[in-house]
Every structure is written in C-alpha cells, then in structure tokens.
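Observations on the three-dimensional arrangement
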Amino acid sequence: MLQQVNGHNPGSDGQAREYLREDLQEFLDGEVLLYQLDDLTRVNPVTLETVLRCLQARYMADRFYTNAGCTLVALNPFKPIPQLYSPELMREYHAAPQPQKLKPHVFTVGEQTYRNVKSLIEPVNQSIVVSGESGAGKTWTSRCLMKFYAVVAASPASWETHKIAERIEQRILNSNPVMEAFGNACTLRNNNSSRFGKFIQLQLNRAQQMTGAAVQTYLLEKTRVACQASSERNFHIFYQICKGASEDERLQWHLPEGAAFSWLPNPERSLEEDCFEVTREAMLHLGIDTPTQNNIFKVLAGLLHLGNIQFAASEDEAQPCQPMDDAKCSVRTAALLLGLPEDMLLETVQIRTIRAGRQQQVFRKPCPRTECDTRRDCLAKLIYSRLFDWLVSVINSSICADTDSWTTFIGLLDVYGFESFPDNSLEQLCINYANEKLQQHFVAHYLRAQQEEYAVEGLEWSFVKYQDNQACLDLIEGSPISICSLINEECRLNRPSSAAQLQTRIETALAGSPCLGHNKLSREPSFIVVHYAGPVRYHTAGLVEKNKNPVPPELTSLLQQSQDPLLMGLFPTNPKEKTQEEPSGQSRAPVLTVVSKFKASLEQLLQVLHSTTPHYIRCIKPNSQGQAQTFLQEEVLSQLEACGLVETIHISAAGFPIRISHQNFVERYKLLRRLRPHTSSGPHSPYPAKGLPEWCPHSEEATLEPLIQDILHILPVLTQAAATPGDSAEAMPAPMHCGRTKVFITDSMLELLECGRAQVLEQCTRCIQGSWRRHRHREQERQRRAAMLIQAAIRSWLTRKHIQRLHAAATVIKHAWQKWRIRMAYLAAKELDGVEEKHFSQAPCSLSTSPLQTRFLEGIIRLWPLGLVLANTAMGVGSFQRKLVVWACLQLPRSSPSSYTVQTAQEDQAGVTSIRALPQGSIKFHCRKSPLRYADICPERSPYSITGFNQILLERHRLIHM
C-alpha cells in the first residue's frame with residue numbers, strides 16, 4: 001500500500017525513479033494550485049520535496065495552517081494578524097456544523113476537542129500537545145487555544161453564573177502574562193522563549209462550561225537568573241520593573257535611571273513583552289494586591305543588586321574574600337531590599353560551614369572567589385525558584401475549581417522545543433529528553449501502535465518504516481546504565497567531579513549505543529547525542545554540579561531570618577518544612593537530583609497524556625531570523641524530518657486512523673439499519689425493519705457481529721446517496737474494515753456514517769414531529785368542539801333567560817294596561833253627568849223590533865265605555881251596532897231620532913267635536929287632564945244647541961244623522 005502511495009512498482013528501481021520523477025513533475029507543474037491543498041495527505045506523491053513546496057506555497061499566500069492527516073501544521077507568520085484570531089472567527093468555528101469543512105485553523109483542533117468532551121466518548125478527557133522548536137510559535141498557539149475555550153466554554157444562562165464564569169475566564173487569561181513575565185526570556189532563537197514547561201488543565205463541568213483551571217510547571221531554567229548567554233536576556237520581569245517603574249518606585253526599589261546590573265544584559269533592547277502595566281494588572285486580577293506586588297518587585301530588585309556583588313581574590317586562604325570597593329554599596333542595598341542583616345549576608349556568602357564527626361563539630365572555612373560567586377548565584381536562584389513556585393500556587397488557588405465542580409478537562413501542553421546551542425549543558429539535555437519522550441508518545445499513538453493494532457486485528461497492512469527514537473531514549477534514561485544514571489552516580493560519590501572523567505565513563509559504558517557520538521577534535525570534554533531532530537553536543541563541565549543542585553544549609557537559614565514578609569512566607573522557620581535542598585549531616589539518603597525530579601514529573605505527565613485523547617499541533621519556524629514572508633527551505637526541511645511529518649502523512653493517507661470498538665460502534669450506528677431497504681418499510685422508513693434484533697448492552701461478541709454486518713450492508717446506500725454525478729467509483733471512500741474487536745474506518749467513511757446517522761435522526765425527528773402535530777391537532781379539535789358545545793349551552797341559557805325576562809315584562813305591561821284601561825273607563829264614566837234612567841228606558845220602538853235586539857241594546861247600555869271606543873274606531877262593527885251604541889250613550893229621545901246628527905272625527909279632518917245632552921244641575925270643572933285622545937284640543941263651536949263644557953270628546957270626521 002505504501003508503495004502505491006509513493007508511486008513505486010515492484011519493478012526495477014530505475015523505472016520506479018523515472019515514474020516518480022514524471023509524477024512529481026506533473027504535480028509541480030500545477031504549483032499555482034498548491035496553496036489550495038488544505039490537507040497534505042492530498043499531496044501525491046508524499047515526499048519531503050512536495051510537502052515542502054506545498055507548505056511554502058500556502059505560507060506565501062498567508063495560509064499558515066495546514067492539516068497533515070491527524071496533525072495540524074502551524075507556520076509562524078512572524079507578523080500580527082488580528083483578524084485571524086478574532087472572537088468572531090472563534091464563534092464561527094464553534095457554530096459550524098462541520099468545522100473540518102472550514103479552513104484549517106488552531107480553532108478547528110480546539111472545537112474538535114470540545115465536541116469530543118461533549119460527546120462523552122471514552123476517553124472523554126482531551127489533551128493537545130503543542131510541539132516544535134524554540135521560536136516556532138508554541139506559546140502563541142497555547143494562548144490562542146485558551147482564549148478560544150474561554151469564549152466557547154463560558155456561556156451560562158443566569159446573570160450570576162455568567163459573572164462567575166467571566167471572572168474565571170479573565171483569571172485564566174491573566175495567568176498567561178504573569179507566567180510569561182516570570183518564566184519566559186529572550187534567547188537567540190526566540191524573543192519570548194518559555195524557559196519552563198507547563199501543562200494547563202482547563203476544567204469543565206457537566207454542562208461543558210469552564211469552571212476553573214490548574215497549572216503544572218516543569219523544570220524552570222533558574223540558572224538564567226545568574227547566568228545569561230551572549231546576546232540573550234534574563235527573564236522579562238527584570239526588564240519590566242527597570243523600564244516601567246515610576247519615580248517613587250525607583251526610589252523605593254533603589255533602581256536609578258540608567259543603572260547598570262551584571263545580571264541584566266542588553267537592557268537597551270526593547271521587546272513587546274516589556275510591558276510592566278499588563279503584568280501588574282494581571283496580577284491584580286489573580287488576587288495579588290498592590291502591596292504584595294511591591295514586595296515581590298522589591299525582592300527582584302534585591303536580586304539585581306545581589307548580582308553586582310563582586311569579590312576580590314584573597315591572598316591568604318585563611319581569610320575570606322572581600323567584596324570590591326564598588327560592590328560594598330550593592331551589598332548594603334541588597335541586604336536592605338531582602339530584609340537581611342548586611343554582615344550576616346556577607347558572612348554567609350564568604351564562609352562555608354562544615355559539620356563533621358559524630359559530634360557534628362562545626363568548622364568554618366573561607367571560600368575562594370569562585371565559590372563565593374557560586375554561593376551568591378545559588379542564593380539568587382533559590383529565592384527566584386521559590387518565588388516562581390509561590391506564584392504558580394497563587395495562580396492555581398485563584399483559578400482552580402473544587403474537585404466536585406468539574407468532571408472533565410482539556411489539557412494544553414506547552415513545553416520547550418528542541419534546543420541545540422554552541423554550549424549545551426544540563427538544561428538542554430533535560431529539554432531535549434522531554435522532546436524525545438513526547439516524540440515517542442506521538443510515534444506510539446499514531447504510527448507504531450496503529451501498525452501493531454492492524455496486525456493484532458488481522459488487517460492486511462504494508463508496514464511503513466518510521467523513525468523510531470527508542471534507541472535514543474535508552475541512551476538517556478535506559479536501565480541499568482544510561483547518561484542519567486551515570487550523572488546521578490557521580491552526584492552520589494563523595495569526590496570532586498571531573499568533566500573529563502565523566503566523559504570517559506559515558507563513552508566507555510555506552511559505547512554500543514548507535515545514538516552516542518563524540519568529537520575527537522573538541523578540546524573541551526563533551527559527548528554527542530543523536531536526537532530525532534539532529535545531533536547535539538553536551539559539555540560535561542559543570543554537569544554534575546548542576547544536577548546536584550546544591551543548596552548550602554546556611555543559605556536557607558539566612559533566608560529564614562529575613563524580616564521581609566514575602567521571604568518569611570517563602571522560607572518558614574518550621575522544622576517540618578525541611579526539604580531535599582536541606583539535607584542533614586548524618587542523612588545517608590540519596591539526594592533527589594534535578595534529573596531525577598524532572599524524570600519523575602515527566603513520567604507523571606505522560607501518564608496523564610496516555611489517559612486522554614491526544615491531539616497534536618506541530619509548530620514550524622519558517623526562518624530563524626523571525627522575518628515575515630521568508631521561507632527558508634533548508635530550515636523547514638530539517639524540522640519536517642525531525643518531527644516525522646512525512647511518516648505521519650503516509651499512515652493517515654493510506655490507513656485507517658479511526659478505531660472504534662464493536663460495542664461502541666453498534667451502540668452509535670445501529671440507527672443506520674433503519675435505512676436498509678425492506679419490502680414492508682421501504683428504503684427510507686424511519687421504523688426499523690422486522691426481523692432485526694435490537695442491540696443489548698450485554699450482548700456477546702457473536703450477537704454483535706450480525707448487527708455490524710447489517711450496518712455494513714447500508715454502506716452502498718450511503719455511498720450512492722453521498723455521490724455526485726461527477727464522482728467516479730475511485731473517488732468513493734474505502735470500505736471500513738471489521739477487525740477482531742474493533743472497526744477500522746477512514747475519516748471520509750466516518751463522515752459518511754455520521755451523515756447517515758444524522759439522516760436517520762432527522763427522519764425520526766420528522767416522524768415524532770408529525771405524530772406530535774397530529775396529536776396536537778386532535779387535541780385542539782376536541783377542545784374546539786367542547787368549547788363550541790359550552791358556548792351553545794351558554795347562548796341557550798342566555799336566550800331562555802332573555803325570553804323569560806321579556807315574558808315577565810310583557811306580563812307586567814299587560815297587567816298595567818288592563819289596570820289603566822279599567823281606570824280610564826272609570827274616569828270616563830265619572831266624567832259623564834248623571835242622566836235619569838228614564839231616558840234610557842224610552843228607546844225608539846223602531847229600533848227594538850225584536851227581543852234579540854232589545855237584549856243587545858241592554859248589553860250596550862251596560863258596557864257604554866266599550867261603545868265609545870267602538871264609535872271612535874273606523875272598523876270592527878257594523879253601522880247598525882255603532883248607531884245603537886251612540887244612541888244609547890247619548891240618551892237621545894225616542895220620538896225624533898233623526899232630528900239629531902252626530903259628527904265623528906276622521907283622520908283627514910282637523911279638530912274634534914262632541915255632542916251630548918244639555919247638562920242638568922250645576923256644572924263641574926275638572927282640572928285633571930282627561931285620558932281621552934285630543935282632550936286638550938279646543939273643539940270647534942258646534943252649530944247645534946246640544947253642547948257642553950264637559951263633553952265627551954270624539955274624533956270629527958263627518959256628521960252622522962241619526
């Protein structure tokens with residue numbers, strides 16, 4: 001398989017090389033498209049030259065991130081690009097459905113780790129290893145990742161929790177400038193080189209929100225406090241206090257303008273990191289108040305004055321070396337700033353205390369000049385290392401969350417890159433040893449472990465040759481004999497160390513190692529170690545002394561007597577706090593050396609990395625001068641070879657980088673069986689086909705295999721659904737491989753499976769939504785009908801009530817009308833003057849011709865009010881009955897009925913007239929208003945003699961002659 005990837009055939013080497021050159025030339029002819037290749041696995045053939053040209057094309061097009069299979073390659077742009085790391089871009093990568101579809105970026109790795117934590121797929125905890133040479137941009141990459149997690153992992157709902165998360169986020173971000181100020185320095189290769197290793201643990205709760213963080217440091221280069229190489233600088237914090245202090249602070253810290261300090265080389269060089277206000281503000285946010293900050297800076301100023309103490313050689317060995325004349329002021333100032341007695345400080349540096357014998361007799365021996373300088377430097381390194389550890393503990397106490405408040409974490413490992421200087425000592429040996437271990441971890445995780453797992457699982461695999469650094473690690477840390485063991489053994493021997501003797505022991509004991517070399521032309525004792533990144537020559541002079549890390553007990557006792565509040569906390573007088581730096585005289589226990597401490601902490605770090613899902617970011621430095629738009633192929637080529645990038649691309653392009661256990665695979669992708677074509681359910685039915693057993697968590701391996709085969713049968717359906725008309729069969733992703741215990745798939749196949757799973761979930765979602773809509777529609781219809789029934793019942797009840805009220809009102813009106821009518825009849829009868837009954841008895845004989853008419857006339861006479869009404873109406877009775885009524889009511893004489901005429905009122909005549917008999921007796925005036933119609937209208941004067949004031953009013957329509 002590798003031969004096919006590289007373009008080789010089993011034929012002759014000449015034909016293979018010719019084919020490779022033709023293929024390479026054809027590829028290079030399309031160089032204008034090289035910058036469009038986001039993944040180096042698409043480069044064909046995969047060679048150092050083609051990968052190098054692709055990276056160069058992308059770098060010149062301002063595309064600084066490129067995928068290399070499972071690794072992200074980051075090129076240092078050496079120029080500020082704010083839009084490339086803006087919060088808006090962070091949210092874009094966080095909100096993208098598939099971040100891998102976007103352009104390669106460090107945010108892609110950050111989002112992938114964050115989504116892995118949310119998916120809860122074992123191992124849940126994630127780690128990102130940022131590696132590369134010094135100056136390649138590891139610190140900047142780690143800083144961008146922390147900002148990304150602070151933005152995407154801090155989105156609580158309530159305002160109170162939002163404030164808490166915002167405070168935690170600010171403290172985590174503020175730990176960066178403090179750690180960089182006290183732990184970074186300017187070196188030959190990098191202006192902001194980390195002189196310590198750190199593992200930042202970002203802690204997340206169950207809701208994947210950032211609740212805190214923890215920082216663990218490794219191997220601070222404390223020797224830089226007292227010794228700086230040429231053209232290099234001390235830690236940033238010393239330059240910050242000298243350049244950023246105010247006038248009052250300069251007077252308080254005894255730092256006059258333009259003062260020269262031996263431990264402050266190249267002060268005229270200004271860097272972006274020399275920002276004192278940023279450091280002070282960050283310390284304030286971490287809980288370090290202003291008085292404590294001033295105390296810290298006062299101690300650092302004391303260290304600068306301590307470095308100006310120079311001793312003159314003593315002619316008499318029995319007399320201590322005295323400081324030079326211009327150094328006496330520095331002694332006084334350093335003692336004042338450190339809170340130490342001046343005489344005791346000078347005496348401790350000048351005289352060594354020796355305890356010997358069973359009685360622990362104390363001997364005081366003056367130190368030579370070189371030893372005085374060594375003790376002075378040791379005092380400064382001891383104070384600075386304790387101060388640095390104290391700062392780390394303060395940062396952790398400020399940003400670390402309680403154990404119960406977080407469940408998962410994302411680790412960021414930022415360690416010093418591979419280093420090779422003209423003068424390399426113990427620090428460079430430990431740094432390169434750590435890089436070797438990390439390279440081995442990468443090789444074991446992505447290369448060797450993958451190939452071995454293929455063989456165990458039964459895959460047919462053409463094994464790829466990769467660069468294994470196990471031989472180099474055996475040389476450095478192997479058992480029983482290695483460089484570290486020999487250096488530690490020299491520390492345990494009670495004899496003066498010799499650089500030449502140590503070189504001889506190493507070359508003799510480890511002569512059979514292929515990674516050990518020596519330079520016979522070198523005049524200084526040294527040995528050469530062939531690292532994965534190249535050979536490095538280490539000087540043996542001072543190697544044993546640095547490994548011992550000797551701290552004389554009298555130095556610790558001196559600092560315990562300090563009156564400075566900060567130093568009193570750093571060096572407590574409690575005897576229980578005795579450390580390895582203060583061994584007792586009778587103690588035979590081996591001293592814990594620097595190499596032993598570093599090896600133990602490194603093993604602990606690797607255990608954490610092995611328990612997480614690792615992600616790798618390879619930082620590449622385009623040039624050593626730090627110039628933008630400058631790509632030096634020689635320097636980049638050495639870094640590509642050193643990090644094994646080509647081998648990584650080979651494995652990722654030709655193999656199966658994703659491995660999932662059978663149980664997890666079935667549990668996650670069993671939904672794809674719903675897409676299986678079936679006669680009853682159809683190819684896209686959201687319901688499972690009958691006959692396929694559901695998966696049980698406790699199923700045996702034999703039960704899992706048919707389920708996996710069912711899922712594998714769905715792959716053609718998914719492939720055809722994902723294919724476009726222009727795709728060919730060769731463009732289809734390779735099928736997954738089912739091993740003995742795991743399923744091996746490619747990145748493209750994983751994407752295809754996830755798309756199919758999303759399709760099934762979408763179908764199920766639509767089915768659930770449809771069922772819910774139908775249920776909701778039925779419930780709404782039932783509620784609507786019930787409401788209509790209730791409304792109808794209410795309307796019926798209201799109608800009945802309304803009719804009842806109308807009926808009651810009609811009854812009242814009827815009764816009132818009846819009462820009114822009776823009263824009106826009574827009033828009308830009362831208005832009529834009494835007439836003798838004889839007038840009514842003398843009825844005309846011509847009108848009572850029959851008994852029936854006689855009885856009818858008597859009824860009319862009794863009901864005369866009704867007669868008035870009938871006489872006033874235009875219809876209802878005949879003229880005969882009307883005449884009878886009028887005649888009876890007016891009591892006309894029988895003898896001459898026709899001599900009288902009655903004029904009735906009609907609708908077309910104005911006014912009314914009424915005729916009645918002449919009143920007899922007195923006339924009564926009634927002031928009460930008459931109830932009769934038109935009673936208030938004055939009638940016309942009648943031409944007849946039968947008139948009266950109180951007459952019965954009738955409508956005048958015409959004259960009726962009786």
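All values reported here derive from a predicted model rather than from experimental measurement.

1. Some thoughts on the overall build of the chain
Looking only at helices and strands, one finds 32 helices and 21 strands in the chain. Across the 962 residues of the chain, 46% fall into the buried class. Relative to all contacts within the chain whose residues are 6 or more apart in sequence, the contacts with residues 24 or more apart total 71%. About 50300 Å² of surface is accessible on the chain, with carbon and sulfur atoms providing 54% of the total.

2. Focus: the packing of helix α17 (residues 483–492) against helix α18 (residues 499–509)
The geometry of α17 relative to α18 is characterised by a closest axis approach of 10 Å and an angle of 145 degrees between their N-to-C directions. Crossing angle aside, the handedness with which α17 passes α18 is right-handed. Between α17 and α18, the residues in contact are I483, L486, E489 and E490 and L502, R505, I506 and A509, respectively. The residue makeup of the contact of α17 with α18, split by class, is five nonpolar, no polar and three charged.

3. Things to note about the confidence of the model for the chain
Per-residue confidence for the chain averages 78 on the pLDDT scale, and 72% of its residues sit at or above 70. Low pLDDT (under 50) marks residues 27–32, which in the prediction has eight contacts with non-local residues, meaning those over four places away or in another chain. Counting contacts from residues 944–962, a segment whose pLDDT is below 50, to residues more than four positions away or on other chains yields 82 contacts.

4. Comments concerning the UniProt feature "binding site: ATP" (unreviewed entry) in the chain
UniProt's entry tags G132, E133, S134, G135, A136, G137, K138 and T139 with the feature "binding site: ATP" (unreviewed entry), counted in the numbering of this structure. With respect to the secondary-structure elements, G137 resides in the loop between β3 (126–132) and α6 (138–152). Classification of G137 as buried rests on a relative accessible area of 18%. For G137, the residues in contact, after removing those within four places along its chain, are N76 and C619. Secondary-structure assignment places T139 in helix α6.

5. Focus on the pattern of salt bridges
What the rule picks out here adds up to 28 salt bridges. Note that R224 is salt-bridged to E221, the shortest N-O span being 3.2 Å. Like E221, R224 is buried. Taken together, the shared-partner salt bridges in this structure form one network comprising R195, E221, R224, E232 and E419.

6. Let's talk about the nonpolar core
Here is a general trend for soluble globular proteins: nonpolar side chains tend to be buried in one another's company. In this structure, F182 and L300 are the most contacted members of the largest nonpolar core, which totals 128 residues. No other element matches helix α14 (residues 369–399), which puts 14 residues into this core. Setting aside residues up to four positions removed in sequence, F182 forms contacts with F235, I237, M283, I296, F297, L300, Y384, L387, F388 and L391.

7. A short note on unusual backbone geometry
Residue P480 is bonded to the preceding S479 through a cis peptide linkage, with omega at 5 degrees. Along the chain, P480 falls in the loop between α16 (470–477) and α17. Phi at D62 takes a positive value of approximately 60 degrees, unusual for a residue other than glycine. Among the secondary structure elements, D62 is positioned in the loop between α3 (48–60) and β1 (65–68). Judged by its relative accessible area of 39%, D62 falls in the partly exposed class. The phi dihedral of S231 is positive, around 70 degrees, even though this residue is not glycine.

8. As for the packing of aromatic side chains
Throughout the structure, instances matching the rule amount to 18 aromatic pairs. Considering the side-chain rings of F665 and Y669, the 5.1 Å spacing of their centres and the 50 degrees angle between planes classify their relative orientation as tilted. Taken together, the residues F665 and Y669, both in helix α25 (residues 662–669) and four residues apart, mark about one turn of the helix. Both residues of the pair, F665 and Y669, belong to the buried class. Linked through ring pairs, Y85, Y93, F107, W140, F148 and Y149 together constitute an aromatic cluster. The cationic tip of R233 hangs over the ring face of Y239; the distance from NZ or CZ to the ring centre is 3.9 Å. Sitting over the face of the ring of F442, R618 holds its NZ or CZ atom 4.4 Å from the ring centroid.

9. A short note on the sheet that holds strand β17 (residues 658–661)
An order of β17-β19-β18 is seen for the three strands of this open sheet, with the pairing classed as antiparallel. This sheet does not close on itself; its edge strands, each paired only once, are β17 and β18 (737–738). Inspection of the sheet shows β17 paired to strand β19 (residues 742–745) by four bridges, in the antiparallel sense. Residue pairing across strands places I660 opposite V743, the latter belonging to β19. Sitting on the sheet, α25 touches β17, β18 and β19, and the angle it makes with β17 is about 90 degrees.

10. Thoughts on α6
An ideal rise of 1.5 Å per residue puts 21 Å on 15 residues; α6 measures up with 21 Å between its terminal C-alpha atoms. For α6, a buried count of 11 out of 15 residues is recorded, marking the element as mostly surrounded by other parts of the structure.

11. Some details on the sheet that holds strand β6 (residues 197–204)
Taken in spatial order, the seven strands make up an open sheet running β1-β2-β16-β3-β12-β6-β7, and their pairing is mixed. Sheet topology places β1 and β7 (210–218) at the edges, where each strand pairs with a single neighbour. Pairs of neighbouring strands in the sheet enclose a mean axial angle of 20 degrees, with direction left out of account. Of the pairings in the sheet, the one linking β1 to strand β2 (residues 71–75) comprises four bridges and is antiparallel in character.

12. Some details on the side chain of Q440
Counting through the fold element by element, Q440 comes out in helix α15 (residues 426–457). You can call Q440 buried: its relative accessible area is 15%. A polar atom in the side chain of Q440 sits 2.3 Å from the side chain of Q470. When sequence neighbours within four positions are dropped, the list of residues in contact with Q440 reads N469, Q470 and L473.

13. What to know about the environment of D377
With respect to the secondary-structure elements, D377 resides in helix α14. Between the C-alpha atoms of D377 and L306, which are 71 residues apart in sequence, the distance is 8.6 Å. Once residues lying within four places of it in the same chain are set aside, the contact partners of D377 are A226 and W263. Engagement of the side chain of D377 in a polar contact is seen with the side chain of R376, the distance being 3.0 Å.

14. Overview of the pairing of strand β16 (residues 613–620)
Most of β16 is tucked away: seven of the eight residues are buried. In the sheet, β2 pairs with β16 via five bridges, with the strands oriented parallel. Bridge pairing in β16 links T71 to Y616. Two elements, β3 and β16, share seven bridges in a ladder whose sense is parallel. Residue V130 lies in a different strand from β16, and its bridge partner there is I617.

15. A short note on the side chain of E180
Counting through the fold element by element, E180 comes out in helix α7 (residues 159–183). Accessibility expressed as a relative area gives 10% for E180, which makes it buried.

16. A word on α14
When the terminal C-alpha atoms of α14 are compared, their 45 Å separation across 31 residues agrees well with the 45 Å that a helix rising 1.5 Å per residue should span. Among the 31 residues in α14, 22 count as buried, and that is most of the element.

17. Quick notes on the environment of E249
Within the secondary structure layout, E249 lies in helix α9 (residues 247–253). Through-space distance from the C-alpha of E249 to that of K298 is 9.0 Å; in sequence the pair is 49 residues apart. Excluding anything up to four places from it in sequence, E249 contacts F276, R280 and N294.

18. Regarding a nonpolar patch on the surface
A cluster of nonpolar residues, I790, I794, W797 and L798, forms a patch on the protein surface that exposes about 400 Å² of accessible area. Tracing the chain through its elements places I794 in helix α28 (residues 747–831).

About the thresholds
Sequence order sets the numbering: in each chain, residues are counted from 1 along the sequence as written. In keeping with the model being predicted, local features are shown solely for residues with a pLDDT of at least 70 and side-chain atom pairs are shown and tallied solely at 80 or more, while totals for entire chains, interfaces and linings include all residues. Each side-chain value is derived from all of the structure's non-hydrogen atoms; neither hydrogens nor water enter the calculation. The numbering of helices and of strands both runs from the N terminus, where a helix is a DSSP run of H or I of at least 4 residues and a strand a run of E of at least 2. In this scheme, a residue with accessible area under 20% of its type's maximum is buried, one over 50% is exposed, and one in between is partly exposed, where area comes from a 1.4 Å probe on protein chains only. Pairs of residues are marked as contacts when any of their non-hydrogen atoms sit within 4.5 Å. Areas reported as accessible are Shrake-Rupley estimates using a 1.4 Å probe. Residue values count occlusion only from the protein chains shown. Fitting a line to C-alpha atoms yields each axis, with helices limited to the stretch in contact; the angle taken between N-to-C directions then spans 0 to 180 degrees. A clockwise turn of the near helix away from the far one marks a right-handed crossing, whereas an anticlockwise turn of less than a right angle marks a left-handed crossing. Note on residue categories: nonpolar means Ala, Val, Leu, Ile, Met, Phe, Trp, Tyr, Cys or Pro, charged means Asp, Glu, Lys or Arg, and polar means any other residue, Gly included. On a scale of 0 to 100, pLDDT captures the predictor's confidence in every residue. UniProt positions are given in the numbering used here, feature names are shortened, and annotations may be inferred rather than shown by experiment. We define a salt bridge as a side-chain nitrogen of Lys or Arg found within 4 Å of a carboxyl oxygen belonging to Asp or Glu. Residues enter a nonpolar core if they are buried and are Ala, Val, Leu, Ile, Met, Phe, Trp, Tyr or Cys, with the set joined through side-chain atoms within 4.5 Å. Ring pairs shown here join Phe, Tyr and Trp side chains whose ring centres sit within 6.5 Å, with only the six-membered ring taken for Trp; geometry is labelled stacked below 30 degrees between planes, edge-to-face above 60, and tilted in between. Counting as a charge over the ring demands two things of the Lys NZ or Arg CZ atom: a distance within 6 Å of the ring centre and an angle within 35 degrees of the ring normal. Two strands qualify as a pair provided DSSP detects at least 2 bridges between them. Take the residue count of a helix, subtract one, and multiply by 1.5 Å to get its expected span. Residues adjacent in sequence count toward polar contacts only when both atoms are side-chain atoms; beyond that, a polar contact is any pair of N or O atoms within 3.5 Å, and within protein one must be able to donate a hydrogen and the other to accept it. Put simply, a patch holds well-exposed residues, over 30% relative accessible area, that have no salt bridge, with like charges counted together within 9 Å and Val, Leu, Ile, Met, Phe, Trp or Tyr side chains within 5 Å.

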